[in-house]
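Each chain is listed here by its residues.
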There are 2 protein chains.
Amino acid sequence: MSLEQLKQRALSNPEVKTEYEQLEGEFKLIDQLITMRTDAGLTQAQLAEIMHTQKSNISRLERGNANPSWSTLTKYAQACGFELTLKPNKLSDHRR
Amino acid sequence: MSLEQLKQRALSNPEVKTEYEQLEGEFKLIDQLITMRTDAGLTQAQLAEIMHTQKSNISRLERGNANPSWSTLTKYAQACGFELTLKPNKLSDHRR
DNA sequence: TCGCTTGTTATCTTATATGATAACTGTCGG
DNA sequence: CCGACAGTTATCATATAAGATAACAAGCGA
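Here the structure is a predicted model, which is why all the values come from computation and not from measurement. In this numbering scheme, every chain counts its residues from 1 along its sequence in written order. Just so you know, chain letters begin at A and ligand numbers begin at 1, following the order they were written in. Given that this is a predicted model, residues contribute local features only at a pLDDT of at least 70 and side-chain atom pairs are listed and counted only at 80 or more, while totals for whole chains, interfaces and linings are drawn from all residues. Values reported for side chains reflect all heavy atoms of the structure, with hydrogen atoms and water molecules removed beforehand.

Peer 1: Got a sec to walk through the nonpolar core? Specific residues and values, please.
Peer 2: In this structure, A:Met36, A:Tyr76, A:Leu86, B:Met36 and B:Tyr76 are the most contacted members of the largest nonpolar core, which totals 38 residues. Should any heavy atoms of two residues lie within 4.5 Å, those residues are counted as being in contact. Non-local contacts of A:Tyr76, meaning those with residues more than four positions away in its chain, are made with A:Leu33, A:Ile34, A:Met36, A:Arg37, A:Leu47, A:Met51, A:Ile58, A:Leu61 and A:Glu62. In this description, a nonpolar core means a group of buried Ala, Val, Leu, Ile, Met, Phe, Trp, Tyr and Cys residues linked to one another through side-chain atoms lying within 4.5 Å. Exposure classes here rest on a 1.4 Å probe applied to the protein chains alone. A residue is buried below 20% of its type maximum, exposed above 50%, and partly exposed in between.

Shown next as structure tokens:
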């Protein structure tokens, strides 16, 4: 199933909307991770060595079901030559 | 000891520089969290309810030694009316 | 002073992220 | 075909984040 299909199905059910958004955010996160690494011109194995961990763990981060801690994210970024802050974008349709 | 003093002492020892930077990043993170919550005009208890958790857990996040997972960060942000992405700032003095 | 609100701290339990090792796939230049 | 490289997957052990409850402290208006 494609991401687009998943999106359609998820959004058709209002209850899972936040779950989808979570999922989408996860994809974005992974994208940003991989972008940082490739920008730095590093392979997973090289990055793993800098971070004093294993390439399999890097793959796990970049592939699936990744829910890394803040410290893991900053270590990853720093190894790629980046410092990390959050970028909170205000949701226009925010209800309370 | 103030943050400034801590910074000075930490930076005087090259080996702990990254540790200090982690620490500084942690402070920045906490700042951003609290800012999001106060911007949303929420108390810890209110935010906790939205996130279906306890106010003590929110306090733990905002106070000390916080190392939240990405999903916790996004839930927190979303409850405050924000969507979250990473903002990677290139480190000018990056060596390899 | 007395409640009430907001936030903090301590503690336990449970869920899960991370570290580590090994085996596997696909790709590509020789 | 073969070896080297890049990435993936499975699995287990261990560290730790997160859920939950309770008690406490500070501030503040009635």
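Structure's up, so let's keep going.
Peer 1: Can you tell me about the protein's contact with DNA strand C, naming the residues and giving the values?
Peer 2: Any residue with a heavy atom lying within 4 Å of a molecule or strand is counted as near it. Surrounding DNA strand C, one finds 18 residues, the nearest of these being A:Ser56, A:Ser69, A:Thr72, B:Gln44 and B:Arg63. A:Thr53 places a polar side-chain atom, nitrogen or oxygen, 3.4 Å from a phosphate oxygen of DNA strand C. Between DNA strand C and A:Ser69, the relevant distance is 2.8 Å, taken from a phosphate oxygen to a main-chain nitrogen or oxygen of the residue. Elements represented by at least two residues in the surface near DNA strand C include exactly α4 (55-62) of chain A together with α4 (55-62) of chain B. Working definition: helices are DSSP H or I runs of at least four residues, strands are E runs of at least two. Numbering for both runs from the N terminus. In terms of residue count, α4(A) provides more of the surface near DNA strand C than any other element does, 4 residues in total. Under the scheme applied, nonpolar residues are Ala, Val, Leu, Ile, Met, Phe, Trp, Tyr, Cys and Pro; charged residues are Asp, Glu, Lys and Arg; polar residues are all the others, including Gly. Its residues assigned to classes, the surface near DNA strand C shows 2 nonpolar, 12 polar and 4 charged. We define a polar contact as two N or O atoms separated by no more than 3.5 Å, with the added condition that, inside protein, one atom must be a possible hydrogen donor and the other a possible acceptor, whereas residues neighbouring each other in sequence contribute only through side-chain atom pairs.

Peer 1: Can you explain the relation of the copies chain B and chain A? Please cite residues and give values.
Peer 2: The two copies are related by a screw operation: chain B maps onto chain A through 180 degrees of rotation and 0.0 Å of translation along the axis, at an RMSD of 0.0 Å. Each copy turns onto its partner about a two-fold axis. Residue B:Ser69, judged by its C-alpha, is the member of chain B lying nearest the rotation axis, at 2.0 Å. A high fraction, 100%, of the interface residues of chain B reappear at the interface in chain A, so the copies pair face to face through one surface. The atoms used to superpose the copies are C-alpha atoms, taken from residues with pLDDT of at least 70 in both, and the fit is least squares.

Peer 1: Please provide a residue-by-residue account of the protein's contact with DNA strand D, values included.
Peer 2: In the vicinity of DNA strand D lie 18 residues, with A:Ser56, A:Arg63, B:Ser56, B:Ser69 and B:Thr72 positioned nearest. Considering DNA strand D, the proportion of its atoms within 4 Å of the protein that are sugar or phosphate atoms stands at 52%. At 2.8 Å from a phosphate oxygen of DNA strand D is found a side-chain nitrogen or oxygen belonging to A:Gln44. A:Lys55 places a side-chain nitrogen or oxygen 3.0 Å from a base nitrogen of DNA strand D. Elements represented by at least two residues in the surface near DNA strand D include exactly α4 of chain A together with α4 of chain B. Examining the composition of the surface near DNA strand D, we find that 4 residues originate from one element, α4(A), more than from any other.

Peer 1: Explain the environment of B:Asn89 to me, and be specific about the residues and the numbers.
Peer 2: Mapped onto the fold, B:Asn89 is located in strand β1 (residues 82-90). Here B:Asn89 falls in the partly exposed class, since its relative accessible area comes to 26%. If near-sequence neighbours (up to four positions away) are discounted, B:Asn89 is found in contact with A:Gly81, A:Phe82, A:Glu83 and A:Thr85.

Peer 1: Please give an account of the UniProt feature "domain: HTH cro/C1-type" (unreviewed entry) in chain A that cites residues and values.
Peer 2: Annotation from UniProt places "domain: HTH cro/C1-type" (unreviewed entry) at residues 33-87 of chain A. Secondary structure content for residues 33-87 of chain A is 58% helix and 11% strand, while the C-alpha to C-alpha distance between its ends is 15 Å. UniProt positions are given in the numbering used here, feature names are shortened, and annotations may be inferred rather than shown by experiment.

Peer 1: Give me the pattern of salt bridges: which residues, what numbers.
Peer 2: A side-chain nitrogen of Lys or Arg and a carboxyl oxygen of Asp or Glu constitute a salt bridge if their distance falls within 4 Å. The full count for this structure, using the stated rule, is 4 salt bridges over all chains. A salt bridge links A:Glu62 to A:Arg37; the nearest nitrogen and oxygen atoms lie 2.6 Å apart. With a gap of 25 residues between them, A:Glu62 in helix α4 and A:Arg37 in helix α2 (residues 17-39) connect regions that are remote in the sequence. Considered together, A:Glu62 and A:Arg37 belong to a single accessibility category, that of buried residues. One salt bridge connects B:Lys28 with A:Glu83, and the closest N-O pair in it is separated by 3.0 Å. Residue B:Lys28 is found in helix α2 (residues 17-39), and its partner A:Glu83 is found in strand β1 (residues 82-90); the two belong to separate chains.

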